[in-house]
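# Observations on the model geometry
Here are the chains, one letter per residue:
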Amino acid sequence: MKLYFNPRSRAVIGKWMLDEAGVEYEIVPIDLEKKEQKSPEFLKVNPAGKLPALVDGDARVFENAALCLYVADKYPQAKLAPGVDAPERGRYLSLMVYSTSQLEPSMGDHMAQAPTTPQRGWTEYPQTLDAVERELGDGPYLFGDWFTAADVMIGSMFIYQRMFGGSTGRPKLEAYVDRLLARPKCMKLR
């Protein structure tokens, strides 16, 4: 497998997932300053011209949620996802999608101090925090003691927020972020 990567990009989330899965992969450095992600060669890997992108043989995967889903399903021995027939699978898939369809855009609005209008299709930031707190329950992770790819996706949003000097302002969620950051393979931001 090859992970197209720049440490100053969202590819750190994909790297975190691969590291948690314990799989071997090669880093293909992409120089964002030189716009290598817009080159014709790279656009064959990710037509959006963005990171992350993963190549596994003939498979091409882009977007972190897709990358996490792919890796978790390809390497079930890593136990980063409920099996296809497991009762937890629906909740897991919902959390994976929620991370990018609701949490990320509402957090973006919040950090930019922009209003979230109903026409945009996502929930206001406080309501996304409420939802994640409910899903976290007594933790320590979204599935109790079981760390999954959903923690990579949901947790990475909160880690980015902290990196930019923000906070959820909620002790339960901040403790969750602390637990994630304490994981030896957690994404590193340079």
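Just so we're clear, the structure is a prediction, and the values are computed from it rather than from any experiment. (Residues numbered from 1 in each chain as written. Predicted model: local features only at pLDDT ≥ 70, side-chain atom pairs only at ≥ 80, totals over all residues. Heavy atoms only, no water.)

## Remarks on the pairing of strand 4 (residues 59-62)
Relative to strand 4, strand 3 (residues 53-56) runs antiparallel, the two sharing four bridges. By the bridge assignment for strand 4, leucine 54 is matched with valine 61. (Pairing = 2+ DSSP bridges. Helix = DSSP H or I, 4+ residues; strand = E, 2+ residues; numbered from the N terminus.)

## Brief notes about the UniProt feature "domain: GST N-terminal" (unreviewed entry) in the protein chain
When the UniProt feature table is mapped onto this chain, "domain: GST N-terminal" (unreviewed entry) is found at residues 1-79. The distance from the first to the last C-alpha atom of residues 1-79 is 19 Å, and the span holds 33% helix and 20% strand. (UniProt positions renumbered as here; feature names shortened; annotations may be inferred.)

## A few points about the nonpolar core
Counting residues in hydrophobic clusters, the biggest one holds 59 residues, and the most contacted among them are Tyr4, Met17 and Phe158. Those elements that provide at least two residues to this core are strand 1 (2-5), helix 1 (11-21), strand 3, helix 3 (64-74), helix 4 (89-112), helix 5 (125-136), helix 6 (149-163) and helix 7 (171-181). It is helix 6 that contributes the most residues to this core, nine residues altogether. Counting contributing residues per domain, this core is built from domain 1 (2-78) and domain 2 (87-182), each supplying no fewer than three. Dropping the residues within four chain positions of it, tyrosine 4 is found in contact with Ala11, Val28, Ile30, Phe42, Val45, Leu51, Pro52, Ala53 and Val55. (Core = buried A, V, L, I, M, F, W, Y, C linked by side-chain atoms within 4.5 Å. Buried < 20%, exposed > 50% of the residue type's maximum accessible area, 1.4 Å probe, protein only. Domains from an automatic or database assignment. Contact = heavy atoms within 4.5 Å.)

## Observations concerning the domain arrangement of the protein chain
Domain parsing of the protein chain yields domain 1 (2-78) and domain 2 (87-182). Measuring from the centre of the C-alpha atoms in domain 1 to the corresponding centre in domain 2 gives 22 Å. Taken together, the contacts link 13 residues of domain 1 with 16 residues of domain 2. Summed over both sides, the interface between domain 1 and domain 2 buries roughly 1100 Å², with carbon and sulfur atoms accounting for 72% of that surface. Looking only at domain 1, the three residues that lose the most surface to domain 2 are Ile13, Trp16 and Leu69, adding up to 46% of its buried area. Along the contact surface separating domain 1 from domain 2 lie two salt bridges. Aspartate 73 is paired through a salt bridge with arginine 89; the nearest N and O atoms lie 3.0 Å apart. (Buried area = accessible area lost by both parts, 1.4 Å probe. Salt bridge = Lys/Arg side-chain N within 4 Å of Asp/Glu carboxyl O.)

## Topic: the packing of helix 6 against helix 7
Geometrically, a packed helix pair is captured by the angle between its two axes and the distance between the axes. Closest axis-to-axis distance for the helix 6/helix 7 pair is 10 Å, and the angle between their directions is 105 degrees. Between helix 6 and helix 7, the angle falls in the class roughly perpendicular. Each of Asp151, Ile154, Gly155, Phe158, Ile159 and Arg162 in helix 6 lies in contact with helix 7, whose residues at this interface are Leu173, Glu174, Tyr176, Val177, Asp178, Leu180 and Leu181. Residue composition of the contact of helix 6 with helix 7, grouped by class: eight nonpolar, one polar and four charged. (Axes fitted to C-alpha atoms, helices over the stretch in contact; angles between N-to-C directions. Parallel < 35°, antiparallel > 145°, perpendicular 65-115°, else oblique. Nonpolar A, V, L, I, M, F, W, Y, C, P; charged D, E, K, R; others polar.)

## Quick word on the pairing of strand 2 (residues 26-29)
Note on strand geometry: in a regular strand, side chains alternate between the two faces of the sheet. Both strand 1 and strand 2 contribute to a ladder of four bridges, which runs parallel. Looking at the pairing, leucine 3 lines up with isoleucine 27 of strand 2. Crossover handedness for the path strand 1 to helix 1 to strand 2: right-handed. (Right-handed = clockwise from strand over helix to strand, strands pointing away.)

## What about the pattern of salt bridges?
All chains considered together, the criterion is met by 11 salt bridges. Here lysine 15 ties to aspartate 19 by a salt bridge, and the two come within 2.9 Å at their closest N and O atoms. In this pair, lysine 15 and aspartate 19 both sit in helix 1, four residues apart, roughly one turn of the helix. Between glutamate 135 and arginine 91 there is a salt bridge, and its shortest N-O distance comes to 2.4 Å. Here the residue glutamate 135 occupies a position in helix 5, and arginine 91 occupies one in helix 4, the gap between them amounting to 44 residues. Judged by relative accessible area, which is 30%, arginine 91 ranks as partly exposed.

## What about unusual backbone geometry?
Residue proline 52 follows leucine 51 across a cis peptide bond; omega there is 5 degrees. Mapped onto the secondary structure, proline 52 falls in the loop between helix 2 (40-43) and strand 3. Here the amide bond leading from glycine 139 into proline 140 is cis, since omega sits at 10 degrees, within 30 degrees of zero. Mapped onto the elements, proline 140 comes out in the loop between helix 5 and helix 6. For glutamate 63, which is not glycine, the phi torsion reads 85 degrees and is therefore positive. Position of glutamate 63 relative to the elements: it lies in the loop between strand 4 and helix 3. Accessibility expressed as a relative area gives 46% for glutamate 63, which makes it partly exposed.

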